[in-house]
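Residue strings, one per chain:
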Amino acid sequence: MTVDLRKVAPRQWRFVVRTAELDSSGVLRIGEMVSAGERSTGRRADSLALELAVESEPAAQAFRAAKFAESAERRAYWRRQEETRLAEDQARGPAVQEALRRRLGWGDPERKAGEWRPGSVIETAPIRPGAGKPISVAELSAYRVVAADQVDPDVFATCTEHRTLYGTYSQGRARELARRDRWCPDCSAPMRNASVSGRD
């Protein structure tokens, strides 16, 4: 906590007590007001500040607990939103997989089907052809679409370990997805099993 004191008259102090915390870079961040008012005392400023800090600690703890609960609920809300979107995208996956299978199912299996992009991303209709390593029809056919947020995507996030694809609308979105592991069923299965085991 931080305590701001201002002397307004002899033996009369105006004070404000605020929460404070160090951020990830070590900078002190002053937060919300815990209490404020005036105090009549002949004590020194540092002694008065310590007294006010001790008095305000229960209120500060309650405030921090409320902020933590609010933050946890916000994270849970966005997690539920993400899970809902993922379920919708997974339901779209089989249709996109079938469309991709039909698109790849004719001609030379060694012909070019698309190109790799940075961040484990595949683009099947490159805007800048030749900018990335080619991927053949045979190589792309070894992957399966497990989710898609578009009905006919040209960009796919990949899980190269389990050869799964997430169809999406841009390379940036695909790179964001590729960094996650919750959308790949084979990656997320161990986490789900560990969660179930933890509840047993």
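Keep in mind the model is a prediction, meaning the values are calculated, not measured. (Residues numbered from 1 in each chain as written. Predicted model: local features only at pLDDT ≥ 70, side-chain atom pairs only at ≥ 80, totals over all residues. Heavy atoms only, no water.)

S.K.: Sorry, what's going on with the overall build of the protein chain here?
M.R.: Per the secondary structure count, the protein chain includes four helices and nine strands. For the protein chain, the N- to C-terminal ordering of α and β elements is β-β-β-α-β-β-β-α-β-β-β-α-α. The C-alpha radius of gyration computed for the protein chain amounts to 28 Å, which surpasses the reference 16 Å derived for 200 residues by more than 25%, pointing to a less compact arrangement than a globule. Dimensions of the protein chain along its principal axes, counting C-alpha atoms only, are 95 × 45 × 25 Å. Looking at the protein chain as a whole, 28% of its 200 residues are labelled buried. (Helix = DSSP H or I, 4+ residues; strand = E, 2+ residues; numbered from the N terminus. Rg over C-alpha atoms; globule rule 2.2 N^0.38 Å. Buried < 20%, exposed > 50% of the residue type's maximum accessible area, 1.4 Å probe, protein only.)

S.K.: Looking at this structure, how should I read the sheet that holds strand E6 (residues 134-136)?
M.R.: Backbone hydrogen bonds hold the strands of a sheet together, and the pairing may be parallel or antiparallel. One open sheet holds the six strands; their spatial order is E6-E4-E5-E8-E9-E7, and the pairing between them is mixed. A strand with exactly one partner marks an edge of an open sheet, and here the two such strands are E6 and strand E7 (144-148). Put simply, the sheet's adjacent strands are angled 35° from each other on average, direction ignored. For E7 and strand E9 (residues 164-168), the ladder comprises four bridges, and the chain directions are parallel. Among the inter-strand pairings, Ala147 is bridged to a residue of E9, identified as Tyr166. (Pairing = 2+ DSSP bridges. Axes fitted to C-alpha atoms, helices over the stretch in contact; angles between N-to-C directions.)

S.K.: What exactly am I supposed to notice about the sheet that holds strand E3 (residues 28-40) here?
M.R.: Taken in spatial order, the three strands line up as E1-E2-E3 in an open sheet, and their pairing is antiparallel. In this open sheet, the two edge strands, each paired with only one partner strand, are strand E1 (2-9) and E3. Put simply, the sheet's adjacent strands are angled 15° from each other on average, direction ignored. Lying on the sheet, helix H1 (residues 45-104) is in contact with E1, strand E2 (12-22) and E3; it crosses E3 at an angle near 120°. (Contact = heavy atoms within 4.5 Å.)

S.K.: In this structure, what is going on with a nonpolar patch on the surface? I would like to understand it.
M.R.: Together, Leu22, Leu28 and Ile30 line one region of the surface with nonpolar side chains, adding up to about 310 Å² of accessible area. Assignment of secondary structure puts Ile30 in strand E3. On the basis of relative accessibility, which here comes to 48%, the residue Ile30 falls in the partly exposed class. (Patch = residues over 30% accessible without salt bridge, like charges linked within 9 Å, V, L, I, M, F, W, Y side chains within 5 Å. Areas by Shrake-Rupley, 256 points an atom, 1.4 Å probe, with all protein chains shown as cover. Salt bridge = Lys/Arg side-chain N within 4 Å of Asp/Glu carboxyl O.)

S.K.: Help me understand the pattern of salt bridges in this model?
M.R.: A pair can form between side chains of opposite charge whenever their charged atoms are brought close. With the rule as written, the count across this model stands at 20 salt bridges. Across the pair Asp89 and Arg92 runs a salt bridge, and its minimum N-O distance is 3.0 Å. With a gap of three residues between them, Asp89 and Arg92 both fall in helix H1, about one helical turn apart. Given a relative accessible area of 7%, Asp89 falls into the buried group. Salt-bridge contacts for Arg144 lead to Asp186; the nearest nitrogen and oxygen are separated by 3.2 Å. Placement of the pair is Arg144 in strand E7 and Asp186 in helix H4 (residues 185-199), with a sequence separation of 42 residues. Here Arg144 falls in the partly exposed class, since its relative accessible area comes to 38%. One network of salt bridges, in which partners are shared, links Arg39, Arg43, Glu51 and Glu55.

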